[in-house]
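Summary of the model geometry
Chain by chain, the residues:
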Amino acid sequence: QVQLVESGGGLVQAGGSLRLSCAASGRTFSRYAMGWFRQAPGKERECVASIDWSGSSTYYADSVKGRFTISRDNAKNTVYLQMNSLKPEDTAVYYCAASGGALVTRAIGLYDYWGQGTQVTVSS
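For every chain, the first residue of the written sequence is number 1, and numbering continues from 1 along that sequence. Only residues with pLDDT of 70 or above have their local features reported here, since the model is predicted, and side-chain atom pairs are shown and tallied only from 80 upward, although totals for entire chains, interfaces and linings are computed over all residues. Working from all heavy atoms in the structure, the side-chain values ignore hydrogens and water.

**Structural notes on the state of the cysteines**
Linking two cysteines covalently through their sulfur atoms gives a disulfide. What counts here: Here, two cysteine sulfur atoms that lie within 2.5 Å of each other are counted as a disulfide. Working definition: helices are DSSP H or I runs of at least four residues, strands are E runs of at least two. Numbering for both runs from the N terminus. Exposure is judged per residue with a 1.4 Å probe applied to protein chains only, and the accessible area is read against the type maximum: over 50% gives exposed, under 20% gives buried, and values in between give partly exposed.
Counted under the stated rule, the structure contains one disulfide. Each disulfide pairs two cysteine sulfurs, and for cysteine 22 the partner residue is cysteine 96, the sulfurs being separated by 1.9 Å. Of the two residues, cysteine 22 sits in strand 3 (residues 18-24) while cysteine 96 sits in strand 9 (residues 92-99), which places them 74 residues apart along the sequence. Of the residues examined, cysteine 22 reaches a relative accessible area of 0% and is grouped as buried. Not engaged in a disulfide, the cysteine cysteine 47 finds its nearest cysteine sulfur in cysteine 96; these two sulfurs lie 12 Å apart. Judged by its relative accessible area of 8%, cysteine 47 is buried.

**Observations concerning the side chain of glutamate 6**
This is how the line gets drawn: Charged residues are defined here as Lys and Arg on the positive side and Asp and Glu on the negative side; His and the ends of the chain fall outside this count. Put simply, a salt bridge is a Lys or Arg side-chain nitrogen that is within 4 Å of an Asp or Glu carboxyl oxygen. Counted as a polar contact is a pair of N or O atoms within 3.5 Å, where, for protein atoms, one must be capable of donating a hydrogen and the other of accepting one, and residues adjacent in sequence contribute only when both atoms are in side chains.
The residue glutamate 6 is located in strand 1 (residues 4-7) in this model. The side chain of glutamate 6 sits in the buried core without any salt bridge; arginine 45 is the nearest counter-charge, 7.6 Å away. Separated by 2.9 Å, the side chain of glutamate 6 and the backbone nitrogen of cysteine 96 make a polar contact. Within the local environment of glutamate 6, its side chain forms a polar contact with the backbone nitrogen of glycine 117, the two atoms lying 2.9 Å apart.

**Concerning the nonpolar core**
Test applied: To define a nonpolar core, start from buried Ala, Val, Leu, Ile, Met, Phe, Trp, Tyr and Cys residues and group those joined through side-chain atoms within 4.5 Å. Any two residues having at least one pair of non-hydrogen atoms within 4.5 Å are treated as being in contact.
Core analysis: the largest hydrophobic core is formed by 30 residues, its most contacted members being Met34, Trp36, Leu81 and Met83. Contributions of two or more residues to this core are made by strand 3, strand 4 (33-39), strand 5 (46-51), strand 7 (68-73), strand 8 (78-83), strand 9 and strand 11 (118-123). Excluding anything up to four places from it in sequence, methionine 34 contacts Leu4, Cys22, Phe29, Ala49, Ser50, Ile51, Ile70, Arg72, Val79, Ala97, Ala98 and Tyr111.

**Thoughts on the environment of valine 2**
Secondary-structure assignment places valine 2 in the segment before strand 1. Looking at valine 2, the relative accessible area reads 6%, which means it is buried. In the structure, valine 2 is positioned 110 residues away from aspartate 112 in sequence and 8.8 Å away in space, judged by C-alpha atoms. If near-sequence neighbours (up to four positions away) are discounted, valine 2 is found in contact with Ala24, Ser25, Thr28, Tyr32 and Tyr113.

What follows is the structure, encoded as structure tokens:
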């Protein structure tokens, strides 16, 4: 069992930056691939970034490539999402999730555990 708690969301102006953190409970964090998803009102939840168990392989959605960076610290049981050059269209609830498959994946069905989400609002 893995419990995930996100933090770091908030209100920021377009062009600004935020860093999301996701703290995981349990001693098996390093066995999981981790992902950051977002869901805007009226839209489906989408994967914006994923990282494998070791941190050596990552995936980014085209819409965030070059602006967002996912990273993890297995010693701290934490995964991060650094978001730069934020745009109003990045406004959404952001969720972190853990996949027991351990490999990078954007497939929502392969994620076993989810956090409660943190709101990110980007004003124009």
